[in-house]
Protein chains: 2
Amino acid sequence: MSFALNGRPGVAEETRARILAAARALGWTPSHRARALSSSRAFAVGLVMSRPPELLGADPFFPSFIAGAEAVLVDRQEALVLQVVPGREAEEDSYRRLAADGRVDGVFLTDLRVDDPRIALLEQISLPAVTLGRPDVDSTFPAVVVDERSGIAAAVAHLVALGHERIAHVAGPAHFLHGATRRAAWERTLVDAGLPPGRCLVADFSAAGGARATRELLDTGEPPTAIVYANDLMATAGLAVAMERGIDVPGQLSITGFDDTEIAAHLRPPLTTVRTDAFGWGKVAARTLLDLIDGKPGADVEMPPAQLVVRASTAPPAP
Amino acid sequence: MSFALNGRPGVAEETRARILAAARALGWTPSHRARALSSSRAFAVGLVMSRPPELLGADPFFPSFIAGAEAVLVDRQEALVLQVVPGREAEEDSYRRLAADGRVDGVFLTDLRVDDPRIALLEQISLPAVTLGRPDVDSTFPAVVVDERSGIAAAVAHLVALGHERIAHVAGPAHFLHGATRRAAWERTLVDAGLPPGRCLVADFSAAGGARATRELLDTGEPPTAIVYANDLMATAGLAVAMERGIDVPGQLSITGFDDTEIAAHLRPPLTTVRTDAFGWGKVAARTLLDLIDGKPGADVEMPPAQLVVRASTAPPAP
DNA sequence: TTGTACGCGTTATCAA
DNA sequence: TTGATAACGCGTACAA
């Protein structure tokens, strides 16, 4: 009987049709809960976000990523369960609970950290996962990676081509892999261009942090002529700090962001930034995770690299 | 046996202790799935967001609201299942599916619309809900409402007190209840102050929409001296449009936003805006929904009203 | 190829 | 107050 409904072989065509018709006539729907109990599957995947709530609101990544993931999840009748935790300890509990309760069949691992302990944790509790980006520790999980380095490298190269020689960086927290990667890409490109690495200040991806870092950068004796920010939010705050000091952007200072948020194109001047496809990332990550759950190994997948979007916040340095 | 574990009455203290000890010793954990099947509960609540993905990323509301809701959900061992749908039709399917599959025990109803059909739908499929704001149609669901009118009214009154007489409004879509409410509050306050209602342009809460509306407003023969925007994103774009035309803010044009996003305080000039507590809203909404699901009726609850935050984007009009 | 009976791990009911 | 037993509804192994 269930063979017929699940479209499995070993059933006569006529019988199958008869059963399907009866099911439809009765308005019968398979019970998700019974299926879950019987097959010990949750038919759901999880995403735990561990960021301070005030920072969550400003980040354009999660909403887009989630929308992308949802786009494939709905088709497969899978639900997305969300978890928001304030700090690191709560985070581990969160994953353990999700697994112990059988709430999800797998999770997305975002905001990868340096020497991320979650990888070992998930392997230990055998909760399938997909990592967003390639971890720096051994991992048996498939990774869906977007090359952020080339985007940052393109931004720095763009500034170098314009004639800048003192190019600073306002980075994200160093314990985040993407924070570290972007920073490394900035430094590497500078060195490759034969330029001395400029100053790098670590901020926290917030507007307040971006403003603070910018002030510190501008307060030095020989301030940079260009600043590469690790996200648009900090770049926007940096732009305001420059204006507040009467520093013309891009005339006296060039700045670049990262994310290409919707507002970036509508700032004054419009922001030169690096675009990543969070929506597409979500789609591919969801497909990869679902395949993994279904027992199909799944190799790492490489997404199109982040693209530099040149707008008007960059120009040759003042003579 | 389960009585003991669930802490229900009708069990001898000693027996309960004995059972609890045995359970711990065996490392036994109640099976979420079996409980769900047996009690026909999902132990989860739902939130469906029906916005175009590109708009989702810029909105600070959902992340904060979700974080707030999560704060109370975790304590009650309830999960949050998220759904993102592109349009109106998909939306109805989404709710029906959630209910039919028994994926959730109730939902949050956000982005209330004029004559919102979802209320009747949810009542029909008897899926408990909590509305964010008070609907304009009959509803049996508890509403958790934040008074947005007084925030907008305060913003308009602030501008009037500064001496402005031509105060325009860039509204959100008219079919959204909050869009309509903010617009009505703006108009009402103007009329009450004995001023002719200024121009009102309807945009879509996006930066692009805000920029377009601002250009149109500034292109008229007698442009406004102040613009009240329905959200920070549009106000930020409006600010850029003013700069692009060499119009000084706040010297020649005052602007106000709505949301008090993190970036608002870090723009140049810092944005005068209206603050709502989305995190708190999420907490209260979750509590109300959970109570409703538990069979406790629950009356409408009124949250603290939105507050005007005066910063530097507002000043007396040019003489 | 088809029908049947049992297991999944709870909650709920009913005797004892 | 306690213990045994029947649902809950689907997957599946096994017998017909």
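Here the residue numbers are simple positions, counted from 1 along each chain's written sequence. Note on labels: chains are lettered from A, ligands numbered from 1, in written order. Local features in a predicted model are, by the rule used here, given only for residues with pLDDT of at least 70; side-chain atom pairs are given and counted only at 80 or more, and totals for whole chains, interfaces and linings are based on all residues. Only hydrogens and water are set aside when side-chain values are computed; all heavy atoms of the structure are taken into account.

**Remarks on the overall build of chain A**
Argument step 1. Check the secondary structure of chain A and you find 12 helices and 12 strands.
Argument step 2. When the backbone C-alpha atoms are referred to their principal axes, chain A occupies close to 85 × 35 × 35 Å.
Argument step 3. Only protein chains enter the accessibility calculation, which uses a 1.4 Å probe. A residue is then buried if its area is under 20% of the maximum for its type, exposed if over 50%, and partly exposed in between. Across the 319 residues of chain A, 55% fall into the buried class.
Argument step 4. Whether two residues are in contact is decided by their heavy atoms: any pair within 4.5 Å suffices. Nonlocal contacts in chain A, meaning residues at least 24 apart in sequence, comprise 68% of its contacts between residues at least 6 apart. Secondary structure elements are taken from DSSP: a helix is a run of H or I of four residues or more, a strand is a run of E of two residues or more, and numbering for both begins at the N terminus.

**Focus on the interface of chain A and chain B**
Argument step 1. The interface is formed by 50 residues belonging to chain A together with 48 residues belonging to chain B.
Argument step 2. Summed over both sides, the interface of chain A with chain B buries roughly 4,300 Å², with 61% coming from carbon and sulfur.
Argument step 3. One side-chain nitrogen of Lys or Arg within 4 Å of one carboxyl oxygen of Asp or Glu is enough to make a salt bridge. Our count for the chain A to chain B interface comes out at zero salt bridges.
Argument step 4. Here a polar contact is taken to be a pair of N or O atoms separated by no more than 3.5 Å, where protein atoms must pair a possible hydrogen donor with a possible acceptor and residues adjacent in sequence count only if both atoms sit in side chains. On the surface where chain A and chain B come into contact, there are 22 residue pairs in polar contact (both at pLDDT 80 or more).
Argument step 5. Taken together, the elements giving at least two residues each to the side of chain A that touches chain B come down to helix 3 (32–39), helix 4 (53–56), helix 5 (61–73), strand 2 (79–84), helix 10 (207–218) and helix 11 (232–244) of chain A.
Argument step 6. Polar here means any residue outside two lists: the nonpolar Ala, Val, Leu, Ile, Met, Phe, Trp, Tyr, Cys and Pro, and the charged Asp, Glu, Lys and Arg; Gly therefore counts as polar. A per-class count over the side of chain A that touches chain B returns 27 nonpolar, 11 polar and 12 charged.
Argument step 7. Here, strands pair whenever DSSP counts at least two bridges between them. Relative to strand 2 (residues 79–84) of chain B, strand 2 of chain A is paired through three bridges, and the arrangement is antiparallel. Looking at strand 2 of chain B, one finds that Leu82 of chain A is bridged to Leu80 of chain B. Here's the idea: put two parts together, see how much 1.4 Å probe accessible area each one loses, and the total over both is what we call buried area.

**A closer look at the side chain of Ser94 of chain A**
Argument step 1. Position of Ser94 of chain A relative to the elements: it lies in helix 6 (residues 88–100).
Argument step 2. Setting aside residues no more than four positions away along its own chain, Ser94 of chain A makes contact with Val48, Gln83 and Val85 of chain A.

**Concerning the pattern of salt bridges**
Residues and elements named next belong to chain A.
Argument step 1. Counted according to the given criterion, the structure contains 44 salt bridges over all chains.
Argument step 2. Arg182 is paired through a salt bridge with Glu148; the nearest N and O atoms lie 2.8 Å apart. On the criterion of sequence distance, the pair formed by Arg182 in helix 9 (residues 177–192) and Glu148 in the loop between strand 5 (143–146) and helix 8 (149–162) is long-range, its members being 34 residues apart. In terms of burial, Arg182 and Glu148 fall into one category: buried.
Argument step 3. Salt bridges sharing partners connect three or more residues here, namely Arg76, Asp291, Asp294 and Lys296.

**Concerning the relation of the copies chain A and chain B**
Argument step 1. Copies overlap after least-squares fitting; the atoms used are the C-alpha atoms of residues with pLDDT of at least 70 in both. Least-squares fitting of chain A to chain B yields an RMSD of 0.1 Å, with the superposition described by an axial translation of 0.0 Å and a rotation of 180 degrees. With respect to symmetry, the two chain copies, as superposed, fit the operation of a two-fold axis. Residue Val81 of chain A, judged by its C-alpha, is the member of chain A lying nearest the rotation axis, at 2.2 Å.
Argument step 2. Taken together, the interface assignments show that 96% of the residues at the interface of chain A recur at the interface of chain B, consistent with an identical surface on both copies.

**Looking at helix 10 (residues 207–218) of chain B**
All names here are of chain B.
Argument step 1. Under the convention used throughout, the expected extent of a helix is 1.5 Å for every residue step, that is, one less than its residue count. Helix length check: helix 10 (12 residues) gives 16 Å between terminal C-alpha atoms against 16 Å at 1.5 Å per residue, within 8%.
Argument step 2. All of the buried residues in helix 10 are Ala207, Gly209, Gly210, Ala211, Ala213, Thr214, Leu217 and Leu218.
Argument step 3. Check the buried side of helix 10 and you find it contacts strand 6 (167–171), strand 7 (200–202), strand 8 (226–229) and helix 11 (232–244).

**Here's the deal with the packing of helix 5 of chain A against helix 12 (residues 278–293) of chain A**
Residue and element names in this part refer to chain A.
Argument step 1. Contact pair helix 5 / helix 12: the axes reach a minimum separation of 7 Å and the direction vectors enclose 45 degrees. Judged by the inter-axis angle, helix 5 sits oblique to helix 12. Judged by the twist between their axes, the crossing of helix 5 over helix 12 is right-handed. Residues Phe61, Ser64, Phe65, Ala67, Gly68, Ala69, Ala71, Val72 and Leu73 of helix 5 touch helix 12, and the partners they reach there are Ala278, Phe279, Trp281, Gly282, Lys283, Ala285, Ala286, Arg287 and Leu290.
Argument step 2. Along the lines of polarity and charge, the residues of the contact of helix 5 with helix 12 split into 13 nonpolar, three polar and two charged. Only C-alpha atoms enter the line fits that serve as axes; for helices the fit covers just the stretch in contact. Angles between N-to-C directions range over 0 to 180 degrees. If an angle is under 35 degrees, it is roughly parallel; if it is over 145, roughly antiparallel; if it lies from 65 to 115, roughly perpendicular; otherwise it is oblique. For any helix crossing, the convention is left-handed if the near helix is rotated counterclockwise from the far helix by under a right angle, and right-handed if that rotation is clockwise.

**A closer look at the sheet that holds strand 1 (residues 44–49) of chain B**
Argument step 1. If you walk across this open sheet you meet the 12 strands as 11(A)-5(A)-4(A)-3(A)-1(A)-2(A)-2(B)-1(B)-3(B)-4(B)-5(B)-11(B), and the pairing is mixed. The open sheet terminates on both sides in strands that have one partner only, identified here as strand 11 (301–303) of chain A together with strand 11 (301–303) of chain B. Neighbouring strand axes in the sheet, compared pairwise and without regard to direction, differ in orientation by 25 degrees on average.
Argument step 2. Sheet analysis places strand 1 of chain B next to strand 3 (residues 106–109) of chain B, joined by three bridges and oriented parallel. For Gly46 of chain B, the partnering residue across the bridge sits in strand 3 of chain B and is Val107 of chain B.
Argument step 3. Packed onto the sheet, helix 7 (residues 117–124) of chain A meets strand 3 (106–109) and strand 4 (129–132) of chain A and runs at close to 170 degrees relative to strand 3 of chain A.

**Considering the domain arrangement of chain A**
Argument step 1. Taken domain by domain, chain A comprises domain 1 (1–30), domain 2 (39–146 + 278–303) and domain 3 (149–276).
Argument step 2. Spacing between the C-alpha centres of domain 1 of chain A and domain 2 of chain A amounts to 35 Å. Throughout, the edges of the domains are those of an automatic or database domain assignment.

**Here's the deal with the packing of aromatic side chains**
All names here are of chain A.
Argument step 1. Ring pairs are drawn from Phe, Tyr and Trp, using the six-membered ring of Trp, whenever the two centres fall within 6.5 Å, and their geometry is named by plane angle: stacked under 30 degrees, edge-to-face over 60, tilted for the rest. As enumerated under the stated definition, the model contains eight aromatic pairs over all chains in all.
Argument step 2. Ring centres of Phe61 and Phe62 lie 5.5 Å apart, and the angle between their planes is 65 degrees; this geometry places the pair in the edge-to-face category. Exposure class is identical for Phe61 and Phe62. Each is buried.
Argument step 3. Ring-pair connections join several aromatic residues into one group, and the members of that group are Phe61, Phe62, Phe65, Phe108 and Trp281.
Argument step 4. The ring of Phe258 carries the charged tip of Arg182 above its face, separated from the ring centre by 3.9 Å. The criterion for a charge sitting over a ring is simple: Lys NZ or Arg CZ within 6 Å of the ring centre, and within 35 degrees of the ring normal.

**A few points about the sheet that holds strand 8 of chain B**
Residues and elements named next belong to chain B.
Argument step 1. Sheet architecture is open: four strands sit in the order 7-6-8-9, paired in parallel fashion. A single partner strand is all that each edge strand has here, and the edge strands are strand 7 and strand 9 (254–256). Each adjacent strand pair in this sheet contributes to an overall mean axis angle of 15 degrees, direction not counted.
Argument step 2. Bridge analysis of strand 6 against strand 7 gives three bridges, and the strand direction is parallel. Within strand 7, the position partnered with Val170 by the bridge is Leu201.

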